[in-house]
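# Coordinates in review
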Amino acid sequence: MSLRAGAALAALLGLAGCASLPPPAAPAGDPDAGAAAQRLRLQALGLGDEGDCAAPAWRLSARVALANGRQGGSGRLDWSQGAGQLHLQLSAPVTRQGWELDAEAGGATLRGLDGGPRRDTDAARLLRDSTGWDIPLAALGCWLRGAQAPAAAFGPARITYAPDLLPQQIEQAGWVVEYAGWTPPGTSDGPALPLRIEARRGEDRVRLVVDAWGGRDD
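Turning our eyes to something else, we now look at the sheet that holds strand E2 (residues 72–82). Judged by pairing direction, the sheet is antiparallel, and its eleven strands sit side by side in the order E6-E5-E4-E3-E2-E1-E11-E10-E9-E8-E7 without closing on themselves. With one partner strand each, in any of the chains shown, strand E6 (118–120) and strand E7 (158–161) form the two edges of the open sheet. Averaged over all pairs of adjacent strands, the angle between strand axes in this sheet comes to 15°, irrespective of strand direction. Pairing geometry for strand E3 (residues 85–92) and strand E4 (residues 97–104), over seven bridges, is antiparallel. Paired with Leu88 across the strands is Leu101, a residue of E4. Of the strands in this sheet, E7 and strand E8 (167–172) are in contact with helix H2 (residues 31–45), which crosses E7 at around 105°. Most of the contacts of helix H3 (residues 123–131) go to strand E5 (residues 107–111), to which it runs at about 30°, and overall it touches E4, E5 and E6.

Attention now goes to the pattern of salt bridges. In total, this model carries twelve salt bridges according to the counting rule given. Residues Arg76 and Asp211 are paired through a salt bridge, measuring 2.6 Å at the closest nitrogen-oxygen approach. You can see Arg76 sitting in strand E2 and its partner Asp211 sitting in strand E11 (residues 204–214), a full 135 residues away along the chain. As a salt-bridge pair, Glu178 and Arg200 come within 3.3 Å of each other at their nearest N and O atoms. Placement of Glu178 in strand E9 (residues 175–179) and of Arg200 in strand E10 (residues 196–201) is noted, with a sequence separation of 22 residues between them. Of the residues examined, Glu178 reaches a relative accessible area of 13% and is grouped as buried. The partly exposed category is assigned to Arg200, whose relative accessible area is 25%. Counted as one network, the salt bridges with shared partners bring together Arg63, Arg76 and Asp211.

Conventions adopted
Residues numbered from 1 in each chain as written. Predicted model: local features only at pLDDT ≥ 70, side-chain atom pairs only at ≥ 80, totals over all residues. Heavy atoms only, no water. Pairing = 2+ DSSP bridges. Helix = DSSP H or I, 4+ residues; strand = E, 2+ residues; numbered from the N terminus. Axes fitted to C-alpha atoms, helices over the stretch in contact; angles between N-to-C directions. Contact = heavy atoms within 4.5 Å. Salt bridge = Lys/Arg side-chain N within 4 Å of Asp/Glu carboxyl O. Buried < 20%, exposed > 50% of the residue type's maximum accessible area, 1.4 Å probe, protein only.

Here you go:
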């Protein structure tokens, strides 16, 4: 990552707040019962229970904090995907700065950084090389919804369940993803979705506090 791109990301993220996650304190739930409940939850979301994250269109709006051992900060993230397309928008409302990433089968385009749009055939590589945010986007799209990523691409997942039988932690591809809050029963038309998420691998950290879940057109 260039020094200019790194400085731009630090400036972008430095002025918007994001609450940190408390460490999970609940004891683990029954793994067999948790796995059965997880299959039902994923089916209700339109996700396969073997790590197939092809699903109906969805989106979220969240506060996000990022760190990679060299820089870090916080801002707002809008994530939407469906029909083979992914759109990310990261912004800092105070500085009125931001970038947008659009990806589909033909490749990815990143807009908003100095030097004009940047393109690559791989969205995760484009984001890493341009901003220093080194995460597997395809896997994160699954983890955000409390689902394991496809094993064929990211290896097997180990899921720990809380006493309420919702995922408490997912370990996959060298990442540890922890959940500390879910949408309460009866507050939406669908199954429970995470509200507080932390994904970490070494010095890489992604923390989200979700403000809203919805479909692409919500």
